[in-house]
Amino acid sequence: MAKKTTVEIEMEDINLMPIMNLLCLLIPFLLLSAQFIQIGIILVDTPRKSRNTSKQKDDKKKTMGLVVDITQDGYYISTKAGSACPDRKANGQPCIAVTHSGGKKKYMHENLRKFIYSKFYKPNYKKNSDPDPANRFFVDWGKVTIRPQDMIDYETVIQTLDATRELPPEAKNEIDGVGSTLTCVFKKDSGKKEWALQGACMFPLASLGR
Amino acid sequence: MARELTPEEIGAQKKLDEKKLARRNKKLEESSFNITSLMDALTIILIFLLKSYGSDPMQVPQKKNELMVPKSDTMSNMSECVDIQISRTSIVVKGKKVVTLTNKQISSQDAPDGYIIKNLKDRLDDLRNKEIEQKQEKAAKFQGEAFISADTEIPWKLVDQVLKTAVRAKYYRFSFAVVKMRGS
C-alpha cells in the first residue's frame, strides 16, 4: 500500500512594506500637486474678432448693440438706440451706481444682471429664440461689449461678465424652457475648432475693450 | 546566607516564571499592529488624489498676494491653449517669465508705445510659429486662442495691454481663468 504523504504548505504573509513605502512617497507628492479648487473659464472675444464675424450680417436686420461701460461711478448701459437710462445720464449719473461699504467701493453686479434681464432680455427673447441666427430679430442677439476704464480691477470685469451672461433666478418662472439650474456653458468637443453654447444664457458672447 | 528553597517553592517559582513569560509573549503578539487597514486607507486616499490630479489640461497656481484668480458663476471647462499668467509681480507665458511688473504696471521700457509689450509679443510669436508648424504636420488650423489667469486686483489696463499684445500676435479669442463657485 502506497504511503500517503502530506505536504504542508506554509502560507507566508505578503510583505506590504515596499508598497507602503511607495504609497507614503506618492501621497505627499500628489497632495502637493493636487488642485482642490475647480478652475473654469469665461470665453471672450476682442472687438476686432466680433466685428469680423458680424461682417456677413443682413443689413435689413436690426442691431441691438448692447454696451456696458464700467466706470469709477458705476455701470453705464447703452444700446445702438442710446442710453438705457437717459434721465440719469443727463444728470451725469450712471445707470447703476457703485455703493460704498466699509470704505470699499462695491459694484452692484446683481442689479446689473436684473436690469439687463428686465430691460433687454425678457422683452426680446421670444423674437430671438430661433436656433438659427438668420431668423432672429436682432442680428447681434446674445452679444455684449464690455468697456472697463483703465483702473477698474479685474475682479469687477469678471463679475460684470457673469452678470451679463447668466440669467437671474426669477427667469426660472418667467422664461420658457430655461430649466431649473439656469446654467450657461461654453463647450468645445475635442478636435473641434469652435465653442458651442449650451443651457440658458442671457448675453454670453462678450467682447472686451473699445 | 540565603536559605535553600524547598521543592514546592521551586515548583511555585517555576509556575510564576512561566506565567510571566506567557504574559510577555502575549503583549508582544498584541503590539505587532495590523497593517492591512492602514493599507486600505492609503489606497483610498491615493485613488482620490489621482482622480483630482490632472483632470484639467492646464494648472492654475493660486498664490496668496501674488496670483489669486477671481470667483465666478461659470460652468465652462478649459481646453488646452497658450497659457498667460498675470500675477502682481510678473507676466509668465507657458511657464516662462517674460515681464517683471512694478506696482502692477508695465514699465515704459517694456511697452514703449504704452500698449504693446515687446517681450510678450516675441514670446507669443514664437509659440504661434511653433503651433503653426505642429498643426501643419497634423493638417489642422491655428486657432489663436489664449488662456489668461490674472490676479483679482490687477487693474484692467494691464489686462488690456496683454490682450492687445496677444491680438497683435494673432491671438483673437481668450478664456479667462476663474474659480468655479457652482461645481461641475
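Look above for the structure.
Below or above, wherever it landed, is the structure these notes cover.

1. Looking at the interface of chain B and chain A
Logical step 1: Counting from both sides, the interface comprises 56 residues of chain B and, opposite them, 53 residues of chain A.
Logical step 2: Summed over both partners, the interface of chain B with chain A buries about 4900 Å², with 63% contributed by carbon and sulfur atoms.
Logical step 3: Contact with chain A buries surface across chain B, with W156, R173 and F176 of chain B losing the most and accounting together for 16% of the total.
Logical step 4: Taken together, chain B and chain A are joined by two salt bridges.
Logical step 5: Among the salt bridges present, the one from R113 of chain A reaches D73 of chain B, with a minimum N-O distance of 3.3 Å.
Logical step 6: Across the chain B-chain A interface, the total number found is 14 residue pairs in polar contact (both at pLDDT 80 or more).
Logical step 7: Those elements that provide at least two residues to the side of chain B that touches chain A are α2 (35–52), β1 (71–72), β5 (145–150), α4 (156–168) and β6 (173–180) of chain B.
Logical step 8: Broken down by element, the residue count for the side of chain B that touches chain A peaks at 11 residues, all from α2 of chain B.
Logical step 9: Per-class residue counts for the side of chain B that touches chain A are 31 nonpolar, 14 polar and 11 charged.
Logical step 10: Where strand β1 (residues 39–45) of chain A meets β6 of chain B, seven bridges bridge the pair, whose relative direction is antiparallel.

2. Quick look at a positive patch on the surface
Residue and element names in this part refer to chain B.
Logical step 1: A contiguous patch of positive charge, built from K15, K19, K20, R23 and R24, is present on the exposed surface.
Logical step 2: When you line up the elements, K20 lands in helix α1 (residues 7–31).
Logical step 3: K20 sits in the partly exposed class, given a relative accessible area of 46%.

3. Let's talk about the packing of helix α4 (residues 109–124) of chain A against helix α5 (residues 154–165) of chain A
Two numbers describe a pair of packed helices, the interaxial angle and the distance between the axes.
All names here are of chain A.
Logical step 1: Packing of α4 against α5 brings their axes to within 8 Å, and their N-to-C directions diverge by 30°. One way to sum up the angle between α4 and α5 is to call them roughly parallel. As α4 runs across α5, the sense of the crossing is right-handed. Touching H109, L112, R113 and I116 of α4 are Q159, T160, D162, A163 and T164, all from α5.
Logical step 2: Classifying every residue of the contact of α4 with α5 by side-chain character gives three nonpolar, four polar and two charged.

4. Focus: helix α1 (residues 17–33) of chain A
Logical step 1: The terminal C-alpha atoms of α1 of chain A lie 25 Å apart, and with 17 residues this matches the ideal 24 Å at 1.5 Å per residue to within 8%.
Logical step 2: Along α1 of chain A, the positions that sit buried rather than exposed are M20, L23, I27 and L30 of chain A. Within α1 of chain A, the buried residues cover an arc of 100° as seen down the axis, which keeps them to one side. Exposed residues lying more than 90 degrees from the buried face of α1 of chain A are L22, L25 and L32 of chain A.
Logical step 3: Where α1 of chain A is buried, its residues touch α2 of chain B.

5. Remarks on the pairing of strand β2 (residues 82–86) of chain B
When a strand is regular, its side chains alternate between the sheet's two faces.
Logical step 1: Of all five residues making up β2 of chain B, five are buried, and the element is well covered by its neighbours.
Logical step 2: Count of turn residues in the β2 of chain B/strand β3 (residues 90–93) of chain B antiparallel hairpin: three residues.

Here is what the cut-offs are and how they apply
- Residues numbered from 1 in each chain as written.
- Chains lettered and ligands numbered in written order.
- Predicted model: local features only at pLDDT ≥ 70, side-chain atom pairs only at ≥ 80, totals over all residues.
- Heavy atoms only, no water.
- Contact = heavy atoms within 4.5 Å.
- Buried area = accessible area lost by both parts, 1.4 Å probe.
- Salt bridge = Lys/Arg side-chain N within 4 Å of Asp/Glu carboxyl O.
- Polar contact = N/O pair within 3.5 Å; in protein donor to acceptor, adjacent residues only side chain to side chain.
- Helix = DSSP H or I, 4+ residues; strand = E, 2+ residues; numbered from the N terminus.
- Nonpolar A, V, L, I, M, F, W, Y, C, P; charged D, E, K, R; others polar.
- Pairing = 2+ DSSP bridges.
- Patch = residues over 30% accessible without salt bridge, like charges linked within 9 Å, V, L, I, M, F, W, Y side chains within 5 Å.
- Areas by Shrake-Rupley, 256 points an atom, 1.4 Å probe, with all protein chains shown as cover.
- Lys, Arg positive; Asp, Glu negative; His and termini not counted.
- Charge placed at Lys NZ, Arg CZ, Asp CG, Glu CD.
- Buried < 20%, exposed > 50% of the residue type's maximum accessible area, 1.4 Å probe, protein only.
- Axes fitted to C-alpha atoms, helices over the stretch in contact; angles between N-to-C directions.
- Parallel < 35°, antiparallel > 145°, perpendicular 65-115°, else oblique.
- Left-handed = near helix turned anticlockwise from the far one by under 90°.
- Expected span 1.5 Å × (residues − 1).
- Arc of directions from axis to C-beta.

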